[in-house]
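One letter stands for each residue in the lines below.
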Amino acid sequence: DGNSMAMVLSKDGSPDIYLMNLDSKRLTRVTRHYAIDTEPTWMPDGNELLFTSDRGGRPQIYRYNLKTGTTIRVTFEGSYNARARVAQDGRNVVLVHQREGQFHIAVHDLVTNRLQILTSTDLDESPSIAPNGSMVMYATKYGGRGILSAVSVDGGFKFRLPSRSGDVREPAWSPYLER
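Remember, it's a predicted structure, so these values are computed and weren't measured experimentally.

## Regarding the packing of aromatic side chains
Working step 1: Counted according to the given criterion, the structure contains 3 aromatic pairs.
Working step 2: Ring geometry for F51 and Y62: centres 5.9 Å apart, planes at 25 degrees, overall stacked. Of this pair, F51 sits in strand β5 (residues 48–53) while Y62 sits in strand β6 (residues 60–65), and the two are 11 residues apart along the sequence.
Working step 3: On the basis of relative accessible area, F51 is assigned to the buried category, the value being 1%.
Working step 4: On the basis of relative accessibility, which here comes to 6%, the residue Y62 falls in the buried class.
Working step 5: Taking the centre distance of 5.5 Å and the plane angle of 50 degrees together, the rings of F157 and F159 count as tilted.
Working step 6: Lying over the aromatic face of Y62, R55 brings its terminal NZ or CZ to 5.4 Å of the ring centre.
Working step 7: Above the plane of the ring of Y142 lies R160, whose end atom (NZ or CZ) is 3.7 Å from the centre.

## Things to note about the pattern of salt bridges
Working step 1: Under the counting rule described, the total for this entry stands at 9 salt bridges.
Working step 2: R29 is the salt-bridge partner of D16, the closest N and O atoms lying 2.6 Å from each other. Taken as a pair, D16 in strand β2 (residues 16–21) and R29 in strand β3 (residues 27–29) lie far apart in primary sequence, 13 residues in all.
Working step 3: Taking the relative accessible area as the measure of exposure, D16 reaches 0% and is therefore buried.
Working step 4: Residue E48 pairs with R63 through a salt bridge whose shortest N-O separation is 2.9 Å. Highlighted residues: E48 in strand β5 and R63 in strand β6, separated in sequence by 15 residues. For the pair formed by E48 and R63, the shared burial category is buried.

## Overview of the layout of surface pockets
Working step 1: Considered as a void within the structure, the largest pocket measures approximately 640 Å³ in volume.
Working step 2: Contributing to the lining of the largest pocket are 21 residues, with T41, W42, P44, V86 and Q88 lying nearest its centre.
Working step 3: Listed by contribution, the elements that provide at least two residues to the lining of the largest pocket are β4 (37–42), β8 (81–86) and β12 (125–129).
Working step 4: A breakdown of the residues in the lining of the largest pocket according to their chemical character gives 10 nonpolar, 8 polar and 3 charged.

Calculation notes
- Residues numbered from 1 in each chain as written.
- Predicted model: local features only at pLDDT ≥ 70, side-chain atom pairs only at ≥ 80, totals over all residues.
- Heavy atoms only, no water.
- Phe/Tyr/Trp six-rings, centres within 6.5 Å; stacked < 30°, edge-to-face > 60°.
- Helix = DSSP H or I, 4+ residues; strand = E, 2+ residues; numbered from the N terminus.
- Buried < 20%, exposed > 50% of the residue type's maximum accessible area, 1.4 Å probe, protein only.
- Lys NZ or Arg CZ within 6 Å of the ring centre and 35° of its normal.
- Salt bridge = Lys/Arg side-chain N within 4 Å of Asp/Glu carboxyl O.
- 1 Å grid on protein atoms, 1.4 Å probe; cavity = no way out; pocket = protein on both sides within 12 Å on 5 of 7 lines; lining within 4 Å.
- Points joined across faces, edges and corners; volume = space filled by probe spheres on them.
- Nonpolar A, V, L, I, M, F, W, Y, C, P; charged D, E, K, R; others polar.

Written as structure tokens, this is what we have:
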């Protein structure tokens, strides 16, 4: 709703998720766990957060309900799932997934709990899902340089966005703006 910001602070020991009311600047601690809780992202309805935690031993995605205070683990496939980004419809979550030592971009369907790996290069990171939920932009390597690539959420269409110089990192789509 634009009134709160989710963040990670380690002011009370281990990194935990906090909310800050943007008007009053008041902090509310959301998670209290000895593990590292990080990378919060809002669900579209504003009632839940997804975040990465190693409370199960390795980084996985968890879901926190702001109304009930309950936390549930979302991802179970693979030993590493992090950097969740939610589609506007609240169904698909794109994330970084590790398989056989390589980092790929995957999509996790929150309804069916199905995880599908979308990329095949070995060091893909920083996924960002388009406002219409159809494409995922991410950072990868090509020709020894950091570039951006994109893949459709069904994995059927892929393309690279090479740059002329330097390394490119951390893509982010602008929000959908109605005119």
